[in-house]
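Summary of the model geometry
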Amino acid sequence: MTSHLHVTPIGDRVDHDTSTTEPGCACGPEVKSVTQDDGSIGWLLVHHSLDGREQGKG
Ligand SMILES: [Zn+2]
């Protein structure tokens, strides 16, 4: 069975859509595949902060 894990910025001012296994959130999550301990493949959906902390401008 494939698992999905959402990683969201802590304390972000916007709500992220973590209810889906698709990267459908407005922040455009980055999808990474990870091999789990049991050898199965899991998906890591890494959300980006939308409060501008990563851009440093704008
Ligand atoms: Zn998001």
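Residues numbered from 1 in each chain as written. Predicted model: local features only at pLDDT ≥ 70, side-chain atom pairs only at ≥ 80, totals over all residues. Heavy atoms only, no water.

1. A look at the overall build of the chain
Each helix and strand in the chain was counted, giving 0 helices and 3 strands. Along the chain, helices (α) and strands (β) appear in the sequence β-β-β when read from the amino end. Burial status across the chain gives 22% buried among its 58 residues. Of all intrachain contacts in the chain linking residues separated by at least 6 positions in sequence, the fraction that spans at least 24 positions is 46%. (Helix = DSSP H or I, 4+ residues; strand = E, 2+ residues; numbered from the N terminus. Buried < 20%, exposed > 50% of the residue type's maximum accessible area, 1.4 Å probe, protein only. Contact = heavy atoms within 4.5 Å.)

2. Points about the coordination of the zinc ion
Around the zinc ion, the protein contributes the donor atoms His16 (ND1), Cys25 (SG), Cys27 (SG) and His47 (ND1), which lie 1.9 to 2.3 Å from the metal centre. Its 4 donor atoms give the zinc ion angles of 107 to 111° at the centre, a pattern that matches the tetrahedral case. Coordination of the zinc ion draws on donor residues from a single chain, spaced H-x8-C-x1-C-x19-H in sequence. (Donors = N, O, S within 2.8 Å, 3.2 Å for Na, K, Ca; no water. Tetrahedral: all angles 85-135°; square planar, octahedral: opposite > 155°, others 65-115°.)

3. A short note on the pairing of strand S3 (residues 41-46)
The pairing of strand S1 (residues 3-7) with S3 spans 5 bridges and is classified as parallel. Bridging from a neighbouring strand, Ser3 pairs with Gly42 of S3. Alignment of strand S2 (residues 30-35) against S3, held across 6 bridges, turns out to be antiparallel. The residue bridging Val34 from the neighbouring strand is Gly42, located in S3. (Pairing = 2+ DSSP bridges.)

4. Quick look at the environment of Ile10
Position of Ile10 among the secondary structure elements: in the loop between S1 and S2. On the accessibility criterion, Ile10 (80% relative accessible area) is exposed. Separated by 39 residues in the primary sequence, Ile10 and Ser49 place their C-alpha atoms 8.6 Å from one another.

5. Some points on the sheet that holds S1
One open sheet holds the 3 strands; their spatial order is S1-S3-S2, and the pairing between them is mixed. On the outer flanks of this sheet lie S1 and S2, each paired with one strand and no other. Each strand of the sheet is rotated relative to its neighbour by a mean of 25°, with strand direction disregarded. (Axes fitted to C-alpha atoms, helices over the stretch in contact; angles between N-to-C directions.)

6. Quick notes on the confidence of the model for the chain
Residues with a pLDDT of 70 or more make up 84% of the chain, whose mean pLDDT is 87. Predicted confidence in the chain is weakest over S1, with a mean pLDDT of 93, and strongest over S2, with 96. (pLDDT = per-residue confidence, 0-100.)

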